[in-house]
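# Structural characterization, general
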Amino acid sequence: MRSYFKLVNFELGRFMKIYLVLIGITIISQIAGVIVKSRGYLSEANQAIIVNSMPKEQFLEQFGQMSMGTFTQSIWFMGPIALCIAALIFYCFFIWYRDWFGKNTFIYRLLMLPTARLHVFLAKVTTIFLLVIGLVSIQLILLPIESMILKFIVPIDLRADLGIMEIISNSRYLFVLVPDSFIQFIINYGIGFMVVFIIFTAILFERSFRLKGILLGIVYSVLSIIVFIFPLLLEIFFGVNYLYPTELFVTEVILAIIVICAAIWTSNYLINKKVTV
Amino acid sequence: MIRYWKIISITLIIVLTIGTFYIRSAMAGNDYPEFVFDKQSGNENEVVNLTLLGDFRVGVQGNPLEISSEETVYANELSFFERLRGIYMSAELERLQNSYRNFMRGKDNISGIFEDEKRLVYVDTNGNYVRDRPREYTFDIEILEKDSKDKLDFTVTIPEKNKYNYVYMEDVQVLDNVMKVTTVNHSVNGNGYGSEEIHVYSLDIANQKLVNDEVIQLSPEQSSGQNSYMYLVQDESDIGLTTYLVFKKEYMEEVEQADGNYYNESIGSELITYHLASGEQRPIPLPEEINTLNSSVYLDDSIIYIDKTTDQGIKVSMFNLESQEIETSKTIKLPANLTEPLNTKIMDGKLYVVGYEVSKNTKAPLLVIDVETGKTLFEGIIETKNLEENHLEYEMNIYDMDLK
């Protein structure tokens, strides 16, 4: 257990610099964005109401009230989120390949550690998990701060105040990242991490059998996905839907557990018996 | 410990923020307002079973809701598993799924269900999927004998194969050993124009064969250039035996709008009945003054109710299919201040009237009127309770009502 925690801590450390930069970009872009957007709205309002002497009601009718909903749709807000997502997807692959193609074939030392090799695999999965959920947490901390800044800049009669949950459910993308029920949260990220398990196993196939491994990895991934969505495939292609929604849900949970167990078992085998340095 | 600061700090941040977020959103419950039926006169028992379906909106974000005399339930308050079951599942379907869990698997189209004391029947149309090309359709029939729990299933091919693109289930009735299946058949002719026909198929259950195929037709006064549209008046959630099927046909004409677009305007309509036992079709002889154009038509056993909003009030008529006579036809005057458009619906012989919109400046009226006597049984308005400051600019739209 101790070696596993050590490995997770070590893996986190290796990404920490880039991670902090990603967080920094997010904070700066979003805080700057909410200021720029609020000020922009305010100067538009000033221009229209004071300079062009348009009645306030008419201005509100034309431009609408300023709210966090407007801001969360802007590039200032979505841009850094997209960047973080792209960076982490990239790191899913890099977290393995850096060990082989780094300066001194680090994987050699990792696999030589006096601990179960599966720990290396699980530590990398845990790292990705913590990094992803960590970014979501940062976003949840940022939202009320941004909301406060907006309230500070835009006077009350020009803005619509939204609660954090309303801000989130207003934005389609944010709602996927932070759904309104905790079970849905576990489902979204559960599916996400099932995919991470599959990708990691496919990478180990490639590392074990090289070119032939790429093919094996692809076949393995497709099979895993087919197993997971099997009930849906039955319904789409054969019109078979015998299961009630709750039963379908339980079936999917069981299938996801099967897929994840298969990935761990396969990876354990590959990393112990087949992987080449 | 200090060596593990990275893993500890990240985990701590995650648990604290995600935890607080979901605990708070669970504890806070909803801060959406409550809507109540505020009585002004009459008997509040009249609205005890009434449910209004609507949409609550602040700014751009809408939230569906259901208002009953006891509570206001918002869609986003439902738990994950309640949402999984479906928010708008009909009460009838839910009852059948609970009582006949295995038989009802995969059967979610209420139009294909028939139930009496002896049996539960499900009919589904099935066609080999070829995109927008006519194809062969079949009826997949399953019958559950309630006493013996015996299940019978068989398939019957729909005649005139390769003529229809789609065959939609509308209704199923079972009279002794004959099953009457009503469908809307959609076909495309050579010019690419679509047309619809309503068919009533008679199936012999004992021999598992189709014995008759009738098309519901109305007087051929339909002139060229007119479009028409026909539908079954029966409420789809009525799954028991009826004596008549009632169809309404509307004639439409393309009218050019000010913006240059064409749109269909109803120019006439008629009602036709199909007597299930005899298979006799006949138009309902309604007098000139009862015009079904732009009106709502309801069927309650052998009584047809018609309601139509006019300048003078709401005109309601009752037509008895057995005696072929008009039992009532009167205009119910509404309180003078009700000028807004209104939702109207006749259920259980009573006319329910409710406004479309509730907001800061608009109060929606709610009226229950006995159709036969014209007496107002309940009069009130829909009031808000617990309105939070951030919802002052709300708008609540009511689009349907139902009796639970």
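Residues numbered from 1 in each chain as written. Chains lettered and ligands numbered in written order. Predicted model: local features only at pLDDT ≥ 70, side-chain atom pairs only at ≥ 80, totals over all residues. Heavy atoms only, no water.

### A few points about the state of the cysteines
As used here, a disulfide is simply a covalent bond connecting the sulfur atoms of two cysteines. All names here are of chain A. According to the stated counting rule, one finds zero disulfides over all chains in the structure shown. The closest cysteine sulfur to the non-disulfide-bonded C92 is located on C84, 14 Å from its own sulfur. Looking at the unpaired C261, the closest cysteine sulfur is the one in C92, lying at 20 Å. (Disulfide = S-S within 2.5 Å.)

### Some thoughts on the nonpolar core
Counting residues in each nonpolar core, the largest one holds 85 residues, and the members touching the most others are L12, Y19, W96, F121, I128 and F200 of chain A together with I18 of chain B. The element best represented in this core is helix α6 (residues 118-153) of chain A, accounting for 18 residues. With residues up to four places along the chain from it excluded, the contact list for F121 of chain A reads W96, F197, F200, T201, L204, I264, S267 and I271 of chain A. By size, the runner-up hydrophobic cluster in this structure holds 24 residues, among which are I67, V354, Y394 and M401 of chain B. (Core = buried A, V, L, I, M, F, W, Y, C linked by side-chain atoms within 4.5 Å. Buried < 20%, exposed > 50% of the residue type's maximum accessible area, 1.4 Å probe, protein only. Helix = DSSP H or I, 4+ residues; strand = E, 2+ residues; numbered from the N terminus. Contact = heavy atoms within 4.5 Å.)

### Examining helix α1 (residues 5-28) of chain B
With 24 residues, α1 of chain B extends 33 Å from end C-alpha to end C-alpha; this agrees with the ideal 34 Å at 1.5 Å per step. All of the buried residues in α1 of chain B are K6, I7, I10, I14, T17, I18, F21 and Y22 of chain B. Buried residues along α1 of chain B sit against α1 (2-51), α6, α7 (164-170) and α9 (182-238) of chain A. (Expected span 1.5 Å × (residues − 1).)

### Description of the sheet that holds strand β21 (residues 342-347) of chain B
All names here are of chain B. A sheet is described by the order of its strands in space; here five strands give the open sequence β1-β25-β24-β22-β21, paired in antiparallel fashion. In this open sheet, the two edge strands, each paired with only one partner strand, are β1 (34-42) and β21. In this sheet, neighbouring strand axes are inclined to one another by 20 degrees on average, regardless of whether the strands run parallel or antiparallel. In terms of strand pairing, β1 meets strand β25 (residues 376-385) through eight bridges, oriented antiparallel. Across the sheet, the residue bridging to S41 is E379, located in β25. (Pairing = 2+ DSSP bridges. Axes fitted to C-alpha atoms, helices over the stretch in contact; angles between N-to-C directions.)

### A look at the pairing of β21 of chain B
In summary, the side chains of a regular strand alternate between the two faces of the sheet. Residue and element names in this part refer to chain B. The element β21 is extensively covered by neighbouring structure, given that five of its six residues are classed as buried. Examined bridge by bridge, β21 and strand β22 (residues 350-355) share six bridges and lie antiparallel to one another. Note that in β22 the partner of M347 across the bridge is K350. Connecting the antiparallel pair β21 and β22 is a turn made up of two residues, with D348 showing a positive phi of about 50 degrees.

### With respect to the side chain of D307 of chain B
All names here are of chain B. Looking at the secondary structure, you find D307 in strand β18 (residues 303-309). Although D307 is buried, it forms no salt bridge, and the closest oppositely charged side chain is K248 at an N-O distance of 9.5 Å. A distance of 3.0 Å separates a polar atom in the side chain of D307 from a polar atom in the side chain of T344. If sequence neighbours within four positions are ignored, D307 has contacts with S295, S296, Y298, I314, K315, V316, T344, K345, I346 and L351. (Lys, Arg positive; Asp, Glu negative; His and termini not counted. Salt bridge = Lys/Arg side-chain N within 4 Å of Asp/Glu carboxyl O. Polar contact = N/O pair within 3.5 Å; in protein donor to acceptor, adjacent residues only side chain to side chain.)

### Describing a negative patch on the surface
All names here are of chain B. On the surface, D235, E236, D238, D300, D301, E322, D348 and D402 cluster together to form a negatively charged patch. Summarising the element assignment, D301 is placed in the loop between β17 (296-300) and β18. Using a relative accessible area of 51% as the deciding quantity, one classes D301 as exposed. (Patch = residues over 30% accessible without salt bridge, like charges linked within 9 Å, V, L, I, M, F, W, Y side chains within 5 Å. Areas by Shrake-Rupley, 256 points an atom, 1.4 Å probe, with all protein chains shown as cover. Charge placed at Lys NZ, Arg CZ, Asp CG, Glu CD.)

### Focus on the environment of E160 of chain B
Residue and element names in this part refer to chain B. Structurally, E160 can be placed in the loop between β8 (151-157) and β9 (166-175). E160 sits in the partly exposed class, given a relative accessible area of 39%. It is 8.3 Å that separates the C-alpha atoms of E160 and E136, two residues lying 24 residues apart in sequence. Side chain to side chain, E160 and K163 meet in a polar contact 3.3 Å long. Within the structure, E160 has its side chain in polar contact with the side chain of Y164 (distance 2.9 Å).

### Digging into the domain arrangement of chain A
Residues and elements named next belong to chain A. The domains assigned to chain A are domain 1 (1-116 + 129-169) and domain 2 (181-277). Each of domain 1 and domain 2 has a C-alpha centre, and these two points are 29 Å apart. Taken together, the 15 residues of domain 1 in the interface contact 15 residues of domain 2. For the pair domain 1 and domain 2, the two sides together bury roughly 1400 Å², of which 85% comes from carbon and sulfur. (Domains from an automatic or database assignment. Buried area = accessible area lost by both parts, 1.4 Å probe.)

### Some details on the interface of chain A and chain B
With 40 residues of chain A in contact, the opposing surface of chain B contributes 31 residues. By the criterion of area lost to chain B, the three top residues of chain A are N9, E166 and Y244 of chain A, representing 20% of everything that side buries. Our count for the chain A to chain B interface comes out at three salt bridges. With its nearest N and O atoms 2.7 Å apart, the salt bridge here joins E247 of chain A to R105 of chain B. Summed over the shared surface of chain A and chain B, the result is ten residue pairs in polar contact (both at pLDDT 80 or more). For the side of chain A that touches chain B, the elements supplying multiple residues, two or more each, are α1, α6, α7, α9 and α10 (245-274) of chain A. Of the residues in the side of chain A that touches chain B, the class split is 24 nonpolar, ten polar and six charged. (Nonpolar A, V, L, I, M, F, W, Y, C, P; charged D, E, K, R; others polar.)

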